[in-house]
Amino acid sequence: MSERKTRANRILCCVLGVLVLVLADSMRTHDGISSEPVFSQDVTIEALATANGLPSHELLEELKAFNTCAWELPTNVDLKYLPVDRDHWLAALGHVYEKRNSSRPTFAYALLAIWVAGALLLVLSRKKIRRARLWILGTSVLVFGVVFAGSPNPMRAFVQFLRALSGHEDRAIPLALGLLAFTALSLLGSKLVCGWACPVGALQELVFALPFLKRKREFKRPFVISAACRILVLIAAIVLLFGLGTQPSESSIYEQGDLFRIFEPNRMTGAIAVLLAVVLILSTILFRPFCQILCPFGLYAWLIENFAANRPRLAQERCTKCEKCVKACPTQAMAGVYAGGSEFFRPGCWACGACVEACPEDAVAFTLDKAAIGTDDSGESVASGDDQDA
């Protein structure tokens, strides 16, 4: 690819990285909570949460670490009548404030921006992508999963923004900024966040990539089916949250199936453990089943993908119709590119770079402009490997 396009991508990475950092820091300043917890046992759970500028479910999640029956507590009864120690309430509130006032989330978002930029530059280099990818995916599980406890969480950012729109969250501004940060990184390239930095997605792909499962990976789930599943689940979640034709529910479908909780032991449930087992089993034959069937951010990122700066592109004049790129792609994404037609609403791409590495003619690239495929900085055509050997 032309050096000019690579330079443009580096500039774009820097600009979006700064934007994400600013948004992440703004999320803290717009949280709307005081520096010290407000506490009284003469108020209800709802009133206590409101006084501290946070949703009741967030307070109960923290309390669950000290009281396993936290979710069963009535929210309309004064705290002094509930079987929970005063110290436990204060500890739960203190944990919330510690997380809200910490610079740790800002650092996590900054690292995420660097991570995504590095992944993009790797795919642009076209060199040893697959080997490096497996190491990077393993590291993302350790860094964004184990070290940062599943944060930043794109799925939670999307779901909490929906909750804010439905009136179940009071922090609309910081939640919108969080989703905007993920949107900015998604505009840099097709699902770069999902494909390279998401610890849940990385865990599934590492199982899928196990060498002894190679012969079982030929089946590619039709994109229309996976998209339909995600849309139906999203519609059901919206109906329940907004109470469309039913009583509105504060609890979301996605919160009950949030696999990011596996990195937060105090938030693990039996249902999450069962879902994890099912997802890992399916991952032996399907590429990222949770991401492609349930994750709402995966659906959102697919929509954003239509406007992403870098996408898989094919130079038809260089293509020899060997279809190696289509076979290398773990989904139907490259099949959609190969078929041509409209560049919009094609099957989702995970920016894995398999198609780029598989093409012997350098006819495929993850790039800003397909006109730059196979050209040097002067715009002159560069011969493929086969042509050079000849």
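Residues numbered from 1 in each chain as written. Predicted model: local features only at pLDDT ≥ 70, side-chain atom pairs only at ≥ 80, totals over all residues. Heavy atoms only, no water.

J.: For this particular structure, what's the right way to read helix α13 (residues 270-282)?
T.: In a regular helix each residue adds 1.5 Å, so 13 residues correspond to 18 Å; α13 covers 19 Å between its end C-alpha atoms and thus fits that length. Listed as buried for α13 are I272, L275, L276 and V279. Projected down its long axis, α13 shows its buried positions confined to an angular sector of 105°, all on one face. Turned more than 90 degrees away from the buried face of α13 sit G270, V274 and I281, all of them exposed. Where α13 is buried, its residues touch α10 (199-208), α12 (253-256) and α14 (289-293). (Helix = DSSP H or I, 4+ residues; strand = E, 2+ residues; numbered from the N terminus. Expected span 1.5 Å × (residues − 1). Buried < 20%, exposed > 50% of the residue type's maximum accessible area, 1.4 Å probe, protein only. Arc of directions from axis to C-beta. Contact = heavy atoms within 4.5 Å.)

J.: Would you take a moment to explain a nonpolar patch on the surface for this structure?
T.: A contiguous nonpolar surface patch, about 510 Å² in accessible area, is contributed by L187, L303, F307, F344 and F345. Looking at the secondary structure, you find F307 in the loop between α15 (296-305) and β1 (311-314). (Patch = residues over 30% accessible without salt bridge, like charges linked within 9 Å, V, L, I, M, F, W, Y side chains within 5 Å. Areas by Shrake-Rupley, 256 points an atom, 1.4 Å probe, with all protein chains shown as cover. Salt bridge = Lys/Arg side-chain N within 4 Å of Asp/Glu carboxyl O.)

J.: Can you walk me through the nonpolar core in this structure?
T.: When a protein is soluble and globular, its nonpolar side chains tend to lie buried together. F297 and M334 are the most contacted members of the largest nonpolar core, which totals 78 residues. Here the element with the most residues in this core is helix α5 (residues 104-125); it accounts for eleven residues. (Core = buried A, V, L, I, M, F, W, Y, C linked by side-chain atoms within 4.5 Å.)

J.: What should I look at first to understand empty space enclosed by the protein in this one?
T.: One water molecule sets the probe size; rolling that probe over the atoms shows where empty space is left. Enumeration according to the criterion identifies six cavities of 30 Å³ or more in this entry. Its boundaries defined by the atoms lining it, the largest cavity holds a volume of some 110 Å³. Every residue lining the largest cavity is counted, 14 residues in all, and those nearest its centre are C329, C349, A351, C352 and C355. Classifying every residue of the lining of the largest cavity gives eleven nonpolar, three polar and no charged. By volume, the second largest cavity is sized at about 80 Å³. P154, C194, C198, V200, F260, F290, C291, C295, F297, G298 and W350 together form the lining of the second largest cavity. Looking at side-chain class alone, the lining of the second largest cavity contains ten nonpolar, one polar and no charged residues. (1 Å grid on protein atoms, 1.4 Å probe; cavity = no way out; pocket = protein on both sides within 12 Å on 5 of 7 lines; lining within 4 Å. Points joined across faces, edges and corners; volume = space filled by probe spheres on them. Nonpolar A, V, L, I, M, F, W, Y, C, P; charged D, E, K, R; others polar.)

J.: Please clarify how the packing of α5 against helix α6 (residues 129-147) should be interpreted in this entry.
T.: Helix-helix packing: each pair is described by the crossing angle between the helix axes and the interaxial distance. The N-to-C vectors of α5 and α6 enclose an angle of 175°; their axes lie 12 Å apart at closest approach. On the basis of the axis angle, α5 is roughly antiparallel to α6. Of the residues in α6, those touching α5 at R104, A108, L111, L112, W115, L122 and V123 are I129, A132, I136, T139, S140, V143, F144 and V147. Of the residues in the contact of α5 with α6, the class split is twelve nonpolar, two polar and one charged. (Axes fitted to C-alpha atoms, helices over the stretch in contact; angles between N-to-C directions. Parallel < 35°, antiparallel > 145°, perpendicular 65-115°, else oblique.)

J.: Any chance you could explain helix α11 (residues 223-242) here in plain terms?
T.: Helical geometry note: an α-helix holds 3.6 residues per turn, so side chains three or four residues apart project in the same direction. For α11, spanning 20 residues, the distance from its first C-alpha to its last is 28 Å, which sits close to the expected 28 Å at 1.5 Å a residue. Turning to α11, its buried residues number three or more, namely F223, S226, A227, R230, V233, L234, A237 and L241. Taken around the axis of α11, the buried residues stretch over an arc of 130°, which confines them to a single face. Exposed and facing more than 90 degrees away from the buried side of α11 are V224 and L232. In this fold, the buried residues of α11 make contact with α7 (154-165), α12, α14 and α15.

J.: I'm lost on the packing of aromatic side chains in this one. Help?
T.: Any pair of aromatic rings gets described here by the distance separating the centres and the angle formed by the planes. One pass over the full model with this rule turns up twelve aromatic pairs. Pairing F107 with F148 gives two aromatic rings, centres 6.0 Å apart and planes at 40°, and the pair type is tilted. Of this pair, F107 sits in helix α5 while F148 is found in the loop between α6 and α7, placing the two residues 41 residues apart along the sequence. With centroids separated by 6.3 Å and ring planes inclined at 50°, the aromatic side chains of F307 and F344 adopt a geometry described as tilted. In this pair, F307 is assigned in the loop between α15 and β1 and F344 in the loop between α17 (333-339) and α18 (354-358), connecting sequence segments 37 residues apart. Here F344 falls in the partly exposed class, since its relative accessible area comes to 43%. Here the aromatic residues Y109, F158, F182, F297 and Y300 are joined through ring pairs into a cluster of three or more. (Phe/Tyr/Trp six-rings, centres within 6.5 Å; stacked < 30°, edge-to-face > 60°.)

What is shown is where atoms sit, not what they do.
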